[in-house]
Every structure is written in structure tokens, then in C-alpha cells.
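Spelled out from the first residue to the last, the chains are:
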Amino acid sequence: MPLIDFGDGLVIDVPQGMSVLDASIQHGLQHMHACGGQARCTTCRVEVLAGQENCPPRAEAEAQVLKISRFGEDVRLACQLVPHGDVTVRRLLAQKGAELRPEGLAREREVAILFSDIRGFTNFAQQRLAFDVLHLLNRYFDRMGTVVELNHGQVIAFLGDGMACLFEDLDRRHAAEHAVNCALQMLATAEAFDAFSQEQFEFPLRIGIGIAWGHAVIGQVGYYNKSSLNVIGDVVNTASRVQDAVKETGTRFLVTDDVKTLLDDSFAFGGQFGVELKGKDGVHQLHEVLGKASP
């Protein structure tokens, strides 16, 4: 049987076909593996100090992950490394109390991310008393948060006067549909709330909304005593940029091509805009959503 030397005098003999990660776990070592050993992260990575000749070549999934992270040939994913002879390795993310961290509870999904923003709110806030601004924001968020929850979404962040919201479902179409329905209801709710805002604070309340679709990892982020649900992935940045594009195009609600493809027959669309999104390559096609499609 192959011998795996983890250093500090710890040498484990393992049966043929067992990965380095499984060997670690079976012997009670604290070995990070945030994605659950699916080659979707690098937290289980090890440095091979000796026995490279006993390590099979990287399979495609491992090669792609390590290429993205720019690791050298001596670094391997412990979840994918199945030695056929003796090796000496060093865990690169060994962490005391690693088993208490929440990454292992994370899930990878295709999701819809919604970003909303109140137009002109920064100038309003600079001219008003802070407690008045807080009062208006909390009344606004009360209404918008309820709309999000009624549409099977979750608010993942309040960003000043903006909101980031998550919509996930095993049925991709359902997730996108919930997000778009939510956005339309948020626009209607903002119109109704505008009367209060103008009467009490002389501030015409208008919002813009952007929605993007893509892969993300959903999990808890924070420190040991306080964490909250968060979403990690390029789709979050894309949704934020789409919301920014709403201002540029003079619209109220834009979605990406992927969202439109999922729901093309359910909603009425208006203008189409080729937009360069900040921090992203190329021109992105964005679509204005006007409302539900006519029967």
C-alpha cells in the first residue's frame, strides 16, 4: 500500500485508489475542503515534496482549477490526488479549527441576482438629517424586503440605498421568473411609496433594477461569532453592472441575455442595448423588461 507522509512524523499507509484528502479525513486530520472534494476550489491543496513520480497526471478538472489559480506543478488538489506509490506532502491550508468553518455547507448553483438602487439618493442624503434618511430608508426596505420574500428570494446585502437579492431554484426557469416578477413588483411598490417620500421629504423616489444569471457559490461568510448568507461569483458583479447600465440607458429595469432566453415568452421586452460593462470584456446585450407578456 502507498505511504503518505504528512510531515511531523505522521505517515499513513492507504489502500490503492484512496485520495490524499480521504486519507487525511479518515485519520482525523484538519484538512480544508470547502467544496466537498469536487475539484471546485483549491482549499485542500497540498505541495508534493517527494514522490512526484508516484503521482498520476492531473485530470482535466484538477488541471483547470490549478491553472486558474496559477499554481506550479508541485501543487495538487488532495481530493483528486490518488498516489500509486509513496509520497510526501504538505497541507497548504492546514488550519486549527478548520472543521468549524462554514464553507463545507456551501452549495454551487445557477442563480439569478437582482440589484436595485434608488436614483439620486446620495444627493438627498447629503442635504438631510441622518435620522430622517434612516427613517426613509427603513420604511423603503420594509416594503422591498417583503416583496423579495413573497417572490421566493433572499436579500443578501443592503448597500447604502441599494439591495442585492438572490433567487435560486432547482428549476432554472422558476428562479429567473421569480426574480423578474419580483423586480416588476418592486417597481410598482416604489411608485406607491413615492407619494410618502415626496409628501414627507420632498424627494421623488425612483429606482433602477438589473438582473443577471450565472453560476455562484452560496454560503455563510463572516467570522466565528457572526456570519451571514452571501453569494460568491462573477454573476454578482455582472448584476451590479447591469443595474449601473440602467442609468446610462435611461430605463428602469434591464436583464442579461441569459435571463431573456429563459423567459422570452413570459414577459414583454422593450429596447435592446449593447453595453460595455465596467470591468468586463466585450459588449453585452441587455434587454429592457416592460411587464408580463399579454395572454
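Only a predicted model underlies this, so the values are computations on that prediction, with no experimental measurement involved.

Novice: Looking at this structure, I do not really get the nonpolar core. What am I missing?
Specialist: Grouped burial of nonpolar side chains is what soluble globular proteins tend to show. Counting 42 residues, the largest nonpolar core has Leu114, Val180, Met186, Ile207, Ile209, Ile211 and Phe253 as the members making the most contacts within it. Residue assignment for this core shows that the elements contributing at least two residues are β6 (107-118), α3 (121-126), α4 (130-150), β8 (162-167), α5 (172-201), β9 (207-223), β11 (253-256) and α7 (257-263). With 13 residues, the top contributor of residues to this core is α5. Val20, Leu21, Val65 and Leu77 belong to the second largest nonpolar core, which has 23 residues in total.

Novice: Would you mind going over the environment of phenylalanine 167 with me for this structure?
Specialist: Its place among the elements puts phenylalanine 167 in strand β8. Sequence-wise, phenylalanine 167 and proline 295 are 128 residues apart; in three dimensions their C-alpha atoms are separated by 25 Å. Ignoring sequence-local partners within four residues, the contact set of phenylalanine 167 consists of Val111, Ala112, Leu114, Val148, Asn151, His152, Gly153, Ala175, His178, Ala179 and Cys182.

Novice: Explain the sheet that holds strand β2 (residues 10-13) to me, please; I cannot follow it from the model alone.
Specialist: Paired through backbone hydrogen bonds, the strands of a sheet run either parallel or antiparallel to each other. With mixed pairing, 5 strands are arranged side by side in an open sheet as β2-β1-β5-β3-β4. Both outer strands of the open sheet, β2 and β4 (75-77), are each paired with one neighbouring strand and no more. Pairwise comparison of adjacent strand axes, ignoring direction, gives a mean angle of 35 degrees for this sheet. Taken together, the 4 bridges between strand β1 (residues 3-7) and β2 define a ladder with antiparallel strand orientation. Pairing of leucine 3 across the sheet is with aspartate 13, part of β2.

Novice: I tried to follow the packing of α4 against α5 on my own but got confused; where do I start?
Specialist: Helix-helix packing: each pair is described by the crossing angle between the helix axes and the interaxial distance. Viewed as axis vectors pointing N to C, α4 and α5 meet at an angle of 155 degrees, and their least axial separation amounts to 10 Å. Classified by the interaxial angle, the pair formed by α4 and α5 is roughly antiparallel. Relative to α5, the crossing made by α4 is right-handed. Of the residues in α5, those in contact with Asp132, His135, Leu136, Arg139, Tyr140, Arg143, Met144, Val147 and Val148 of α4 are Cys182, Gln185, Met186, Thr189, Ala190, Phe193, Phe196, Ser197 and Phe201. A per-class count over the contact of α4 with α5 returns 11 nonpolar, 4 polar and 3 charged.

Novice: Even after reading the chapter, I still don't get helix α6 (residues 234-249), so can you show me in this structure?
Specialist: Every α-helical turn comprises 3.6 residues, leaving residues that sit three or four positions apart pointing alike. Under the 1.5 Å per step criterion, the end-to-end length of α6 is 22 Å for 16 residues, consistent within 8% with the ideal 22 Å. The set of residues buried in α6 consists of Val235, Val236, Thr238, Ala239, Ser240, Val242, Gln243, Ala245 and Val246. On the buried face of α6, the contacting elements are β6, β9, β10 (226-232), β11, β12 (267-276) and β13 (283-292). Glycine 250 sits one or two positions beyond α6 and adopts a positive phi of about 70 degrees.

Novice: How should the pattern of salt bridges be read in this particular structure?
Specialist: Oppositely charged side chains are able to pair whenever their charged atoms sit close together. Summed over all chains, the structure comprises 13 salt bridges. The salt bridge involving arginine 241 is made with aspartate 244; its shortest N-O contact spans 3.6 Å. With arginine 241 and aspartate 244 both in helix α6, this residue pair falls 3 residues apart, about one helical turn. Accessibility expressed as a relative area gives 22% for arginine 241, which makes it partly exposed. Since its relative accessible area comes to 24%, aspartate 244 is described here as partly exposed. When salt bridges that share partners are traced, they join Arg107, Arg109 and Glu168 into one network.

Novice: Just to check I follow, could you spell out the layout of surface pockets for this structure?
Specialist: The gaps of empty space that remain are located by a probe, the size of a water molecule, rolled over the atoms. Empty space within the second largest pocket amounts to approximately 290 Å³. Looking at the second largest pocket, it is lined by 21 residues, and the ones nearest its centre are Trp213, Gly214, His215, Asp234 and Val235. For the lining of the second largest pocket, the elements supplying multiple residues, two or more each, are β9, α6, α7 and β13. Ranked by the residues each element gives to the lining of the second largest pocket, the list is headed by β9, at 6 residues.

Each value, and the rule that gives it
Residues numbered from 1 in each chain as written. Predicted model: local features only at pLDDT ≥ 70, side-chain atom pairs only at ≥ 80, totals over all residues. Heavy atoms only, no water. Core = buried A, V, L, I, M, F, W, Y, C linked by side-chain atoms within 4.5 Å. Buried < 20%, exposed > 50% of the residue type's maximum accessible area, 1.4 Å probe, protein only. Helix = DSSP H or I, 4+ residues; strand = E, 2+ residues; numbered from the N terminus. Contact = heavy atoms within 4.5 Å. Pairing = 2+ DSSP bridges. Axes fitted to C-alpha atoms, helices over the stretch in contact; angles between N-to-C directions. Parallel < 35°, antiparallel > 145°, perpendicular 65-115°, else oblique. Left-handed = near helix turned anticlockwise from the far one by under 90°. Nonpolar A, V, L, I, M, F, W, Y, C, P; charged D, E, K, R; others polar. Expected span 1.5 Å × (residues − 1). Salt bridge = Lys/Arg side-chain N within 4 Å of Asp/Glu carboxyl O. 1 Å grid on protein atoms, 1.4 Å probe; cavity = no way out; pocket = protein on both sides within 12 Å on 5 of 7 lines; lining within 4 Å. Points joined across faces, edges and corners; volume = space filled by probe spheres on them.

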